[in-house]
Amino acid sequence: GCLRGTQPDPKGRLLVDILKWDDDRMEKVHDYIQWIFPTNEASKHNLGAPLLTPQLRKRAATDPQVLACLRLSFERFCAFLGLEVLWDEDEGSDVKRIARVKQAEFFESRIQVCWHTKVVGNHNWLRVSRVLHCLRLLGLEAEAATFMVCLEDLHDQGYPLSNAVKHWRKRASTPLEQDF
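Predicted model only: the values in this text are computed from it and were never measured.

1. Some points on the nonpolar core
Here is step 1 of the chain: Core analysis: the largest hydrophobic core is formed by 53 residues, its most contacted members being Phe74, Leu83, Trp115, Phe147 and Trp168.
Here is step 2 of the chain: If we ignore the near neighbours within four places in the chain, the residues touching Trp168 are Trp115, Trp125, Val128, Ser129, Leu132, Met148, Leu151 and Leu161.

2. Some thoughts on the layout of surface pockets
Here is step 1 of the chain: The volume enclosed by the largest pocket comes to roughly 490 Å³.
Here is step 2 of the chain: Lining the largest pocket are 17 residues, and of these Gln34, Ser43, His45, Leu126 and Arg130 lie nearest its centre.
Here is step 3 of the chain: For the lining of the largest pocket, the secondary-structure elements that each account for two or more residues are helix H3 (33–36), helix H7 (123–137) and helix H9 (162–173).
Here is step 4 of the chain: Of the residues that constitute the lining of the largest pocket, the class distribution is three nonpolar, nine polar and five charged.

3. What about empty space enclosed by the protein?
Here is step 1 of the chain: On inspection of all chains with the given rule, the structure shows one cavity of 30 Å³ or more.
Here is step 2 of the chain: Taken as a whole, the largest cavity holds about 120 Å³ of empty space.
Here is step 3 of the chain: Forming the walls of the largest cavity are 14 residues, and the residues nearest its centre are Cys2, Leu3, Leu15, Trp35 and Ile36.
Here is step 4 of the chain: Put simply, the parts of the chain that give the lining of the largest cavity at least two residues each are helix H1 (15–18), H3 and helix H5 (64–81).
Here is step 5 of the chain: A per-element tally of the lining of the largest cavity places H5 first, with four residues.
Here is step 6 of the chain: Grouping the constituent residues of the lining of the largest cavity by class yields ten nonpolar, two polar and two charged.

4. Concerning helix H4 (residues 54–61)
Here is step 1 of the chain: By the burial criterion, the buried members of H4 are Arg57, Ala60 and Ala61. Down the axis of H4, the smallest arc covering the buried residues is 90 degrees, so these residues share one side. Turned more than 90 degrees from where H4 packs its buried face, Gln55 and Arg59 sit exposed.
Here is step 2 of the chain: The elements touched by buried residues of H4 are H5 and H7.

5. Concerning the side chain of Arg127
Here is step 1 of the chain: Note that Arg127 resides in helix H7.
Here is step 2 of the chain: The buried charged residue Arg127 lacks any salt bridge partner; its closest oppositely charged side chain belongs to Glu27, at an N-O distance of 4.3 Å.
Here is step 3 of the chain: One polar contact links the side chain of Arg127 to the main-chain carbonyl oxygen of Val29, over a distance of 2.9 Å.
Here is step 4 of the chain: If near-sequence neighbours (up to four positions away) are discounted, Arg127 is found in contact with Met26, Glu27, Val29, His30, Tyr32, Ile33, Phe77 and Phe80.

Here is what the cut-offs are and how they apply
Residues numbered from 1 in each chain as written. Predicted model: local features only at pLDDT ≥ 70, side-chain atom pairs only at ≥ 80, totals over all residues. Heavy atoms only, no water. Core = buried A, V, L, I, M, F, W, Y, C linked by side-chain atoms within 4.5 Å. Buried < 20%, exposed > 50% of the residue type's maximum accessible area, 1.4 Å probe, protein only. Contact = heavy atoms within 4.5 Å. 1 Å grid on protein atoms, 1.4 Å probe; cavity = no way out; pocket = protein on both sides within 12 Å on 5 of 7 lines; lining within 4 Å. Points joined across faces, edges and corners; volume = space filled by probe spheres on them. Helix = DSSP H or I, 4+ residues; strand = E, 2+ residues; numbered from the N terminus. Nonpolar A, V, L, I, M, F, W, Y, C, P; charged D, E, K, R; others polar. Arc of directions from axis to C-beta. Lys, Arg positive; Asp, Glu negative; His and termini not counted. Salt bridge = Lys/Arg side-chain N within 4 Å of Asp/Glu carboxyl O. Polar contact = N/O pair within 3.5 Å; in protein donor to acceptor, adjacent residues only side chain to side chain.

Take a look at the structure:
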């Protein structure tokens, strides 16, 4: 239900509504990310969040509506980060193919919130890890790999991501258990 965008989360929020939030709300609300990007690991911050069991993962990874919703969530999350997702539209197919993730024209306005750190990290970097993991678990390997290329580019440009990027590399490349 939630993954397909047809049922609300426990707070009554539908995916379509969450995706319309402005960036300030996405920054300040901390319990939505686990609903729109579930993984197979329990959240330490949102105990009621869905878990991708092997059965749910199998169903979700083969459900075109779930994958379409996940791509929309990914696109909105990237915009929140100041990034833009470019798609290749395949003539005669409803399936979008990712072409590239790049800095959006408004990237600079998102640096302070999303790409700076005062001490050790930025909570949005944990969100990035979750998104990478979820994309891969549900078979959107191309999206995860393309996102990772963009993250590596940011690191190469000198953004202070060294600790985070090491973790992201693991999320983006560690073999997944084929549990379904």
